[in-house]
Amino acid sequence: MRTLAALLLALCTVAIAGAGCDTAAEAPLAEGDTLPLVRYGNAPQPGSRADYARFGVVMAAGDIHLFDPGTGPDRPPRFVRRLETTGLLATSAQVDANGFVWLAAPDRFSGNARSVNRALYVIDPHAANVVRRIELPGSLTSVGDVLVSGDWVYLYAWRNGFSAGIGRVAKACATDAARCEATLFTELGDVGAGIERPMHRWGPWLYVVAARSSRSPADSLFKIDAQSGVVKERSVDVGRFAFDGEALFLGPAPSHTALLRVTKEGLRQTASAPTMADVLAVDAGRLYMSNRDHDWFEVRETTTLALVSSGKRPGGMGSDAFGFVAPGMLMLDGVTTLDVRTGTLYQDPASAEVLAGFDGDWSAPMLPEGHAYAY
């Protein structure tokens, strides 16, 4: 992960016991607090919190950018509003089926100092206020990613940069304060921070990618029973990943420069192809790949990984905000979307507002709970 958030987190977690981090800093957000709000464009805003249940999230510079993913060329995606998380280094958020935003923020600021944040937040995006501040146990220090699925919200805890764990809290917490206890669900052991969007739910299984650390030999993919938390399988030397109905697609890792096709069961490799792609997305039997530092673009067939086409990336250089948000509609960089069937590019009508004063990297797009491209 090469985002500013990851860099700052690494600096803080390494120095957490020293003067570089202020562990006594007051929490920047409390229940009932109102977040600074920016409304994009001239389109009418949603009328209630429930209307946000169809909205996706892209994080940028620690802020929550909410967008309507649309349905296709007749209604392409567009940004609706931004919620500023002042005082928090926020890295990941997802909207649940009731329209609440669940926010992971592994770090916080107090003046010029940083400290590990041991809280998870539930936000009403319509009222722009904090509904819940969920205190986390020491085993879930520095939650850097959230995934809403079924009755639970799963949490990826980065801890001190040398170990990680998965926690969970009942989704019902958003409306029932008595159900807000966060608990450790699975120990991942000596691994590092999660890859961008490290958790995916696929049927009864939770798939988690964890980066290497000085105590672990390689990036690892964990297959976890989503009900019991038991780790069923593990493989190493994996990068970012994407899914279709049959397999996982794993990008390059520090030990190799290959794209791998791996079965859901057994995590068996069935195909490979050389690539330097570090962002992946899959739709309708095709795998779309690019690199954030270059302008090339590849399309491969999902069964054999045979190359279908290649060329320059539409819209220019790469971004982490790369993923399908509707059938055939591939988000390239947050404000630009490609219709892969026709080659047409769609620019968000509020792109100038969204990018005004932009400072930082986009995160990968996170679609809302239950969306066909959410996991």
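Now for a look at the structure at hand. Please read all numbers here as calculations on a predicted model, not as lab measurements.

**Focus on the overall build of the protein chain**
Along the backbone of the protein chain there are two helices and 31 strands. Taken over the C-alpha trace, the protein chain has a radius of gyration of 19 Å; the compact-globule value for 375 residues is 21 Å, and the two agree within 12%. Dimensions along the principal axes, computed over C-alpha positions, put the protein chain at roughly 55 × 50 × 35 Å. Across the 375 residues of the protein chain, 58% fall into the buried class.

**Some words on the sheet that holds strand β30 (residues 336-339)**
The strand order across the open sheet formed by four strands is β28-β29-β30-β31, and the pairing between neighbours is antiparallel. Taken across any chain shown, the strands that pair with only one partner, and hence form the sheet edges, are β28 (323-326) and β31 (344-347). Mean inter-strand twist for the sheet, computed between neighbouring axes without regard to direction, equals 35°. The sheet contact formed by β30 and β31 spans four bridges and is antiparallel. Note that in β31 the partner of T336 across the bridge is Q347.

**Observations concerning the pairing of strand β6 (residues 92-95)**
By the alternation rule, side chains of β6 split into S92 and Q94 and A93 and V95, which are all buried. As paired strands, β6 and strand β7 (residues 101-104) are joined by four bridges and run antiparallel to one another. In the strand pairing of β7, A93 is matched with L103. Count of turn residues in the β6/β7 antiparallel hairpin: five residues, of which G99 carries a positive phi of about 90°.

**Quick notes on the environment of W205**
Relative to the elements of secondary structure, W205 occurs in strand β17 (residues 205-210). For the pair W205 and R341, spaced 136 residues apart in sequence, the C-alpha separation works out to 32 Å. Not counting residues within four places of it along the chain, the set of residues in contact with W205 comprises H200, K223, I224, D225, A226, K232 and E265.

**A look at the nonpolar core**
Grouped together as the largest cluster of nonpolar side chains are 27 residues, with contacts concentrated most on F79, F322, L330 and W362. Contributions of two or more residues to this core are made by β2 (56-60), β24 (279-283), β26 (296-301), β28 and β29 (329-331). In terms of nonpolar packing, the next biggest core, distinct from the first, is built from 22 residues, L35, L83, A93 and V95 among them.

**Quick word on the pattern of salt bridges**
Under the counting rule described, the total for this entry stands at 15 salt bridges. In this structure, R300 and E298 form a salt bridge, with 3.3 Å as the shortest nitrogen-oxygen distance. On the basis of relative accessible area, E298 is assigned to the buried category, the value being 14%. With its nearest N and O atoms 3.2 Å apart, the salt bridge here joins R341 to D339.

**Some points on the packing of aromatic side chains**
Scanning the model with the defined rule gives twelve aromatic pairs in all. Between W202 and Y207, the ring centres sit 6.1 Å apart and the planes meet at 55°, which makes this aromatic pair tilted. Of the two residues, W202 and Y207, both sit in the buried class. Pairing Y288 with F297 gives two aromatic rings, centres 6.3 Å apart and planes at 40°, and the pair type is tilted. Residues Y288 and F297 agree in their burial class; the two are buried.

**Notes on the pairing of β26**
Judged by how many residues are buried, β26 sits mostly within the fold: five of six residues are covered. Where strand β25 (residues 286-290) meets β26, five bridges bridge the pair, whose relative direction is antiparallel. Residue pairing in the sheet places M289 in a bridge with E298 of β26. Hairpin connection from β25 to β26: five residues lie between these consecutive antiparallel strands. Bridge count between β26 and strand β27 (residues 307-312): five bridges; the pairing is antiparallel. What sits directly across from W296, in β27, is K312.

**Comments concerning the side chain of T263**
Looking at the element boundaries, T263 is found in strand β22 (residues 258-263). By relative accessible area, T263 is classed as buried at 12%. Reaching out from T263, the side chain makes a polar contact with the backbone oxygen of E265 at a distance of 2.6 Å. If we skip the residues at most four places from it in the chain, T263 touches L248, R268 and T270.

**A look at the environment of G32**
With respect to the helices and strands, the residue G32 is situated in the loop between α1 (4-14) and β1 (37-39). Apart from residues no more than four positions distant in its own chain, G32 is found in contact with N129 and V130.

**Section: unusual backbone geometry**
One non-glycine residue, A61, lies in the positive phi region at around 50°. Inspection of the secondary structure puts A61 in the loop between β2 and β3 (63-68).

**Focus on the side chain of T141**
Looking at where T141 falls in the secondary structure, it is placed in the loop between β11 (129-135) and β12 (143-149). Since its relative accessible area comes to 15%, T141 is described here as buried. Within polar-contact distance, the side chain of T141 engages the backbone oxygen of G138 at 2.9 Å. Among residues more than four places away in sequence, those in contact with T141 are V116, R118, A157, W158 and R159.

What counts as what
- Residues numbered from 1 in each chain as written.
- Predicted model: local features only at pLDDT ≥ 70, side-chain atom pairs only at ≥ 80, totals over all residues.
- Heavy atoms only, no water.
- Helix = DSSP H or I, 4+ residues; strand = E, 2+ residues; numbered from the N terminus.
- Rg over C-alpha atoms; globule rule 2.2 N^0.38 Å.
- Buried < 20%, exposed > 50% of the residue type's maximum accessible area, 1.4 Å probe, protein only.
- Pairing = 2+ DSSP bridges.
- Axes fitted to C-alpha atoms, helices over the stretch in contact; angles between N-to-C directions.
- Contact = heavy atoms within 4.5 Å.
- Core = buried A, V, L, I, M, F, W, Y, C linked by side-chain atoms within 4.5 Å.
- Salt bridge = Lys/Arg side-chain N within 4 Å of Asp/Glu carboxyl O.
- Phe/Tyr/Trp six-rings, centres within 6.5 Å; stacked < 30°, edge-to-face > 60°.
- Polar contact = N/O pair within 3.5 Å; in protein donor to acceptor, adjacent residues only side chain to side chain.

Just distances and angles here, no functional claims.
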